[in-house]
Amino acid sequence: MIEFIQVGKTYPNGQTALENVSFRLPAGRMAFLTGLSGAGKSTLLKLIPQIERPSVGRVLINGADIGRLPGWRIPHLRRRIGLIFQNPNLLDELNVFDNVALPLRVQHYPREETARRVRAALDKVGLLDREKARPQELSGGEQQRVNIARALVAKPAIILADEPTGNLDPALAFDTMRLFTQFNAAGVTMLIATHATSLIRQFDIPRLVLHDGRLYMDSD
Amino acid sequence: MSKSQAQRGHSHGVRFGAWLAHHGESLRDALRRLGQRPLGSLLSMLVIAASLTIPITLLATLHGAREGLAGWSSETALLQVFLKPDISASDTEALLASLRQDPDIGEVHLITPEEGLTQLARSHALDGLLQELKNNPLPSVIELRPRDASTLTGLRDRLAARQEVGSARMDYEAAERLRTLIHAGEGLTLLFLLLLAPALAITVGNTIRLELERRTREVRLLQLIGATPAFIRRPLLYAGAMLGLGGTLLSLLFAGLAVNHLIQVAHEHGWHIVLPTLPPSALLLFLPAGAALGVLAAWLAGGLHLRANRAR
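All figures in this text were calculated on a predicted structure; none of them were measured in a lab.

Conventions and cut-offs
Residues numbered from 1 in each chain as written. Chains lettered and ligands numbered in written order. Predicted model: local features only at pLDDT ≥ 70, side-chain atom pairs only at ≥ 80, totals over all residues. Helix = DSSP H or I, 4+ residues; strand = E, 2+ residues; numbered from the N terminus. Rg over C-alpha atoms; globule rule 2.2 N^0.38 Å. Buried ≥ 20, exposed ≤ 12 C-beta atoms within 10 Å, placed from the backbone. Contact = placed C-beta atoms within 7 Å. Axes fitted to C-alpha atoms, helices over the stretch in contact; angles between N-to-C directions. Parallel < 35°, antiparallel > 145°, perpendicular 65-115°, else oblique. Left-handed = near helix turned anticlockwise from the far one by under 90°. Expected span 1.5 Å × (residues − 1). Pairing = 2+ DSSP bridges. Nonpolar A, V, L, I, M, F, W, Y, C, P; charged D, E, K, R; others polar. Right-handed = clockwise from strand over helix to strand, strands pointing away.

> Where do I start with the overall build of chain A in this structure?
When helices and strands are counted, chain A shows seven helices and 10 strands. Against the globule reference of 17 Å for 220 residues, chain A gives a C-alpha radius of gyration of 17 Å, in line with a compact fold. Oriented by its inertia axes, the alpha-carbon framework of chain A measures out at about 45 × 40 × 35 Å. A total of 220 residues make up chain A; the buried ones form 42% of that total.

The structure is reproduced here in C-alpha cells:
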C-alpha cells in the first residue's frame with residue numbers, strides 16, 4: 001500500500017511542486033496520476049523511491065514511513081519498486097538481455113535464475129526473439145517494452161511509470177496500458193503518471209488529478 | 001533445521017556465489033574499460049611510474065650498497081698500517097718479523113709500494129696516468145688481522161705509536177660511517193615515498209573520476225534500480241588496483257633499467273660494483289602497496305562522486 005499524508009515538496013529554488021497531498025493506494029490496486037505538465041506528477045512519483053524527500057508530511061509504504069529509512073536502506077526500498085520512465089534509459093553498450101537483467105544483477109541473483117526471469121519478462125512484452133539486439137537496433141516502441149521488462153523482471157511489489165506512453169503511437173500506447181492492467185491483475189500495485197487523457201478514459205481505473213501541486217480525485 | 005530455514009540458507013549460499021561472481025565480472029569490466037582507453041590508462045600508469053622510479057632506484061642502490069658492506073665488520077676487519085716513506089727495506093723486514101711474532105696478531109701481509117701502484121692501476125684503469133709519474137708516491141702498507149677482534153683498537157693504537165709507522169687505520173670504520181649514511185638515506189627515501197602517496201592517489205582518483213563522469217547515466221540508472229554504492233564502486237576499485245599495480249610494475253621496470261645503466265657507467269670507469277637489487281620481500285611489499293593505494297584512491301573518488309551525484 002502507498003500512502004501520502006499531507007505531503008508537501010518545495011525545491012531549494014523556492015518552487016513548490018506539491019502542497020498538502022494525501023491519498024492512499026491499497027496494495028494490488030492501480031491508479032492513473034494525471035495533470036498538466038508541471039502539475040507535480042513526476043515529483044510525486046519521485047517521493048516514493050526516495051529519489052526526492054518530502055519537505056513536509058509522510059510517505060508510507062505498507063505502513064512504514066520511508067522518510068525514516070537510513071540511507072543504506074534506500075537501495076533495498078528501490079528494489080521493491082519497478083520504475084518506468086518516458087525515456088527508456090537503456091544502456092547502449094548492453095544488449096536487450098543484459099539491460100533487462102540489470103535489476104537482478106544488482107541483487108546478486110544467480111546466473112540461471114537471472115536467465116529464466118529475463119526470458120520470462122521478455123516473453124511478457126513480446127521481445128523474446130530480440131534478446132541479443134542492442135538498444136539502437138530497436139524501434140522506440142520496442143525500447144519502451146525493454147524498459148517495461150526491466151521494471152518487472154525482479155517482480156517488484158510496486159510499479160511506478162512516468163509518462164510511459166509519451167513517445168508511443170496511439171495503438172502501441174493502448175497495448176502498453178493493457179499490459180499494465182495485466183501486471184496489476186497479477187497483484188502488482190501500479191501508479192501511472194500520464195497526461196494522455198483520451199487514452200486513460202478507455203480504462204476503468206481510478207484517477208488522481210494534480211493541479212498546481214494539489215491533488216484532486218477525478219469525479220468522472 | 002526447518003524447511004524454510006534450509007531454503008533461506010541455500011538462498012544465501014547461492015547469493016554469495018553470485019556476489020563472488022560479480023567480483024569476477026567487475027574485474028573483467030575494469031580491464032575492459034581500461035583497455036578501451038589504452039592511452040589514458042597508460043598515461044596514468046606512467047605518471048605513477050615516473051614518480052616512483054627515483055625513490056625505488058635509490059632504495060635499490062642503497063640496498064645493494066648495504067649488501068656490499070655486509071661482509072665488513074669488526075670481526076673480519078683488517079688493520080692497515082701505512083709505513084713512513086723513508087723507512088728502508090731492512091727496517092720494514094724487521095718490523096714484519098716482529099709483528100709475526102706478536103701473539104695478538106694472526107695474519108700479516110706486506111704490500112710494497114710497487115705492488116700498491118700495480119693494484120691501483122688495475123682497479124681504477126689509471127695505468128696511463130700512473131706511468132707518467134716519475135716517483136712512486138705510495139708507502140709500504142702492512143695489512144694484518146688480529147687473533148681476537150676485540151683487541152683491534154688497542155692494536156691500532158699500539159702500532160700507530162711506533163716510529164716506523166705513519167698511520168694505522170681500521171678499514172671497517174669507513175664502512176660503519178657509510179652504513180650509517182645508507183641507513184639515513186633509506187629512511188629519507190621511505191619518507192619521500194610516503195609523501196608521494198597522496199599525489200599518486202590523486203592521479204588514480206582523477207582517472208576514476210573521469211571514468212565516472214563518462215558513466216553518469218549508467219551510474220544514475222543503477223542507483224534507481226537499487227544498486228548499493230558498494231556494487232557501483234566495485235569495478236572502480238578493481239580499476240584503481242590495476243592502475244596502481246601497473247604503475248608500480250612500470251616503476252620497478254624503470255628502476256631496473258636505471259640501475260643497469262648506473263652499473264654500465266661504473267664499469268666504463270673501471271668501478272666493478274655489485275649489482276644492487278631489491279630483495280623479493282620488497283617487491284612483495286611494493287606491488288600490493290601500489291594496488292592498495294589505487295583501491296583507496298578509487299574508493300575515495302567513487303564515494304565523493306556518488307555522494308555528489310545522487311539519483312534524481
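> How should I be thinking about the overall build of chain B in this particular structure?
Secondary structure assignment for chain B yields 10 helices and four strands. Mapped from its N terminus to its C terminus, chain B presents α and β elements in the order α-α-β-α-β-α-α-β-α-β-α-α-α-α. Looking at chain B as a whole, 25% of its 312 residues qualify as buried. Of the contacts made within chain B by residues no fewer than 6 positions apart, 88% connect residues no fewer than 24 positions apart.

> Quick question: what am I supposed to make of the packing of helix α7 (residues 171-214) of chain B against helix α9 (residues 229-268) of chain B here?
Between two packed helices, the angle of one axis relative to the other and the distance separating the axes together describe the packing. Residue and element names in this part refer to chain B. It is the contact of α7 with α9, at a shortest axis distance of 10 Å, that shows an interaxial angle of 140°. With respect to their mutual orientation, α7 and α9 come out oblique. Note that α7 runs across α9; the crossing there is right-handed. Contacts from Val 204, Thr 207, Ile 208 and Glu 211 of α7 reach α9 at Leu 236, Ala 239, Gly 240, Leu 243 and Gly 244.

> I would appreciate a short explanation of helix α5 (residues 140-152) of chain A in the present structure.
The periodicity of an α-helix, 3.6 residues per turn, causes residues three or four positions apart to be oriented the same way. Residue and element names in this part refer to chain A. Spanning 13 residues, α5 covers 19 Å between terminal C-alpha atoms, matching the ideal 18 Å at 1.5 Å per step. Within α5, 10 of the 13 residues are buried, which leaves the element mostly enclosed by the surrounding structure. For α5, the set of buried residues is Gln 143, Gln 144, Arg 145, Val 146, Asn 147, Ile 148, Ala 149, Arg 150, Ala 151 and Leu 152. For α5, the elements touching its buried residues are β6 (81-84), α3 (96-106), α4 (111-124), β7 (158-162) and α6 (170-185).

> Just to check I follow, could you spell out unusual backbone geometry for this structure?
The phi torsion of most residues other than glycine is negative, and most of the peptide bonds are trans. All names here are of chain A. One non-glycine residue, Asn 20, adopts positive backbone phi at about 50°. Checked against the element boundaries, Asn 20 lands in strand β2 (residues 16-25). Accessibility expressed as a C-beta count within 10 Å gives 14 for Asn 20, which makes it partly exposed.

> Explanation requested: the sheet that holds strand β1 (residues 2-10) of chain A in the structure shown.
Backbone hydrogen bonds are what pair the strands of a sheet, in a parallel or an antiparallel way. Residues and elements named next belong to chain A. With antiparallel pairing, four strands are arranged side by side in an open sheet as β2-β1-β4-β5. Looking along the sheet, the strands with just one partner apiece sit at the ends: β2 and β5 (64-65). Examined bridge by bridge, strand β4 (residues 56-61) and β5 share two bridges and lie antiparallel to one another. The partner of Leu 60 across the bridge, within β5, is Asp 65.

> Is there a simple way to explain the interface of chain B and chain A in this structure?
The parts lose accessible area when they come together, and the size of an interface is often stated as this lost area. Contacts between the two partners involve 17 residues from chain B, matched on the other side by 15 residues from chain A. If you list the elements that add at least two residues to the side of chain B that touches chain A, you get α1 (3-36) and α8 (216-224) of chain B. No other element matches α1 of chain B, which puts six residues into the side of chain B that touches chain A. Its residues assigned to classes, the side of chain B that touches chain A comprises 10 nonpolar, four polar and three charged.

> What's the story with the pairing of strand β3 (residues 141-146) of chain B in this structure? I'm lost.
When a strand is regular, its side chains alternate between the sheet's two faces. All names here are of chain B. Judged by which residues are buried, β3 turns out to be one-sided: Ile 142, Leu 144 and Pro 146 face inward and are buried, whereas Val 141, Glu 143 and Arg 145, on the alternate face, are not. Relative to β3, strand β1 (residues 79-83) runs antiparallel, the two sharing four bridges. Each residue of the ladder has a partner; that of Phe 82, found in β3, is Val 141. Here strand β2 (residues 105-111) pairs with β3 via six bridges, running antiparallel. Within β3, the position partnered with Glu 107 by the bridge is Arg 145.

> How should the packing of α7 of chain B against helix α10 (residues 280-308) of chain B be read in this particular structure?
Residues and elements named next belong to chain B. It is the contact of α7 with α10, at a shortest axis distance of 8 Å, that shows an interaxial angle of 50°. In terms of orientation, α7 lies oblique with respect to α10. Where α7 crosses over α10, the handedness of that crossing is right-handed. Between α7 and α10, the residues in contact are Ala 197, Leu 200, Ala 201, Val 204, Gly 205, Ile 208, Arg 209 and Leu 212 and Leu 293, Gly 294, Leu 296, Ala 297, Ala 298, Leu 300, Ala 301, Gly 302 and His 305, respectively. Residues belonging to the contact of α7 with α10 are distributed by class as follows: 12 nonpolar, four polar and one charged.

> Teacher, can you tell me more about the environment of Arg 234 of chain B here?
Residues and elements named next belong to chain B. Looking at the secondary structure, you find Arg 234 in helix α9. A sequence separation of 56 residues divides Arg 234 from Gly 290, and the C-alpha atoms of the two residues are 18 Å apart. If we ignore the near neighbours within four places in the chain, the residues touching Arg 234 are His 22, His 23 and Ser 26.

> What is the right way to read α8 of chain B from this model?
Burial in α8 of chain B covers these residues: Val 219, Leu 221, Leu 222, Gln 223 and Leu 224 of chain B. On its buried face, α8 of chain B is in contact with α2 (74-79), β6 and α3 of chain A together with α7 and α9 of chain B. Where α8 of chain B ends, the next residue or the one after it, Gly 226 of chain B, has phi of about 100°, a positive value.

> What should I look at first to understand the pairing of strand β8 (residues 189-193) of chain A in this one?
All names here are of chain A. Here β8 lies mainly inside the structure; five of its five residues are buried. Bridge analysis of strand β3 (residues 30-34) against β8 gives four bridges, and the strand direction is parallel. Within β8, the residue paired with Leu 33 across the bridge is Ala 193. Note: β7 against β8, five bridges, orientation parallel. The residue bridging Ala 161 from the neighbouring strand is Ile 192, located in β8. Taken together, β7, α6 and β8 form a β-α-β motif whose crossover is right-handed.

> Is there a simple way to explain the sheet that holds strand β10 (residues 214-217) of chain A in this structure?
All names here are of chain A. With mixed pairing, the six strands of this open sheet are ordered in space as β6-β7-β8-β3-β9-β10. Each end of this open sheet is capped by a strand with a single partner; those strands are β6 and β10. Sheet twist, expressed as the mean angle between neighbouring strand axes with direction ignored, is 20°. Each of β3, β7 and β8 is contacted by α6, which is oriented at about 155° to β8, the strand it contacts most.

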